[in-house]
Amino acid sequence: MEKLTITTVIHIYQYNELDSADKKLIDAAKSATTRSYSPYSKFAVGAAVRLSNNTVVTGSNQENAAYPSGLCAERITLFYANAQYPDQAVMTLAIAAHTKDGFLDNPIPPCGACRQVMLETEQRYHQQIRILLYGEKGIYLINGINGLLPLSFGASNMNV
Ligand code: THU
């Protein structure tokens, strides 16, 4: 029997410890929550990406009475960024979430489907994404989707 242990390194920052580019991205993700359409969950998620040309694109979750028709903030943001700037790699992605009680204390973890789209985006651009998860008590930085989606399934598993 062999054992495989997979570890994830997460850097935890306070807002003031971030550089100005990351502060701006967190601010953009927080402000994007105000544009969320989430009448059903009342869980407003905002995301912001910085592209390789330094453009910042934001998005928020958009829900639908037919629940599965809605989409998470992260995928909306990534797909919009990729659709508008198909030649620009995604360098950093910031996520924040807001409820009726304010921003979450703990960092918002992206759902599995969004993690899979982050993986595809990294592979598409051959560029690791720095992922910033905002919490009022601390901000997680994960360098690359592998930290959030170990043992992932991607194109390389199909030899395509
Ligand atoms: N949601 C996101 O936008 N991102 C996440 O990472 C988790 C969940 C949205 C989907 C839905 O509109 C609401 O939050 C509740 O699940």
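Quick note: structure is the one above.
Focus: the nonpolar core
Side chains that are nonpolar tend, in soluble globular proteins, to be buried together.
Item 1. With 24 residues, the main nonpolar core has Val 49, Leu 93, Ile 95, Met 118, Ile 131 and Ile 145 as its most contacted residues.
Item 2. Those elements that provide at least two residues to this core are strand 2 (44–51), helix 2 (73–84), strand 4 (90–99), helix 3 (112–125) and strand 6 (130–135).
Item 3. With sequence-adjacent residues up to four places away left out, Met 118 is seen in contact with Glu 74, Leu 78, Leu 93, Ile 95, Pro 110, Ile 129, Ile 131 and Ile 145.
Item 4. Formed by 12 residues, the second largest nonpolar core is a distinct cluster that contains Ala 28, Ala 96, Ile 139 and Leu 141.

Regarding the packing of aromatic side chains
Item 1. In this structure the tally under the stated criterion is 2 aromatic pairs.
Item 2. Arranged with centres 5.5 Å apart and planes meeting at 40°, the rings of Tyr 40 and Tyr 67 form a pair that is tilted. Taken together, the residues Tyr 40 in the loop between helix 1 (20–32) and strand 2 and Tyr 67 in the loop between strand 3 (56–60) and helix 2 connect sequence positions 27 residues apart.
Item 3. According to the relative accessible area criterion, Tyr 40 is partly exposed, its value standing at 38%.
Item 4. When the ring of Phe 103 is compared with that of Tyr 134, the centres are 5.9 Å apart and the planes differ by 85°; the resulting orientation is edge-to-face.

A look at the site of the ligand
Item 1. Taken together, the neighbourhood of the ligand is formed by Ser 41, Phe 43, Val 45, Asn 61, Glu 63, Cys 72, Ala 73, Glu 74, Pro 109, Pro 110 and Cys 111.
Item 2. Asn 61 places a polar side-chain atom, nitrogen or oxygen, 2.9 Å from an oxygen atom of the ligand.
Item 3. Between an oxygen atom of the ligand and a side-chain N or O atom of Glu 63, the distance comes to 2.5 Å.
Item 4. Computed on the free molecule, the ligand has an accessible area of 370 Å², of which 76% lies beneath the protein chains in the complex.
Item 5. Partitioning the shell around the ligand into residue classes produces 7 nonpolar, 2 polar and 2 charged.

Reading guide: rules and limits
- Residues numbered from 1 in each chain as written.
- Predicted model: local features only at pLDDT ≥ 70, side-chain atom pairs only at ≥ 80, totals over all residues.
- Heavy atoms only, no water.
- Core = buried A, V, L, I, M, F, W, Y, C linked by side-chain atoms within 4.5 Å.
- Buried < 20%, exposed > 50% of the residue type's maximum accessible area, 1.4 Å probe, protein only.
- Helix = DSSP H or I, 4+ residues; strand = E, 2+ residues; numbered from the N terminus.
- Contact = heavy atoms within 4.5 Å.
- Phe/Tyr/Trp six-rings, centres within 6.5 Å; stacked < 30°, edge-to-face > 60°.
- Near = heavy atom within 4 Å.
- Polar contact = N/O pair within 3.5 Å; in protein donor to acceptor, adjacent residues only side chain to side chain.
- Areas by Shrake-Rupley, 256 points an atom, 1.4 Å probe, with all protein chains shown as cover.
- Nonpolar A, V, L, I, M, F, W, Y, C, P; charged D, E, K, R; others polar.

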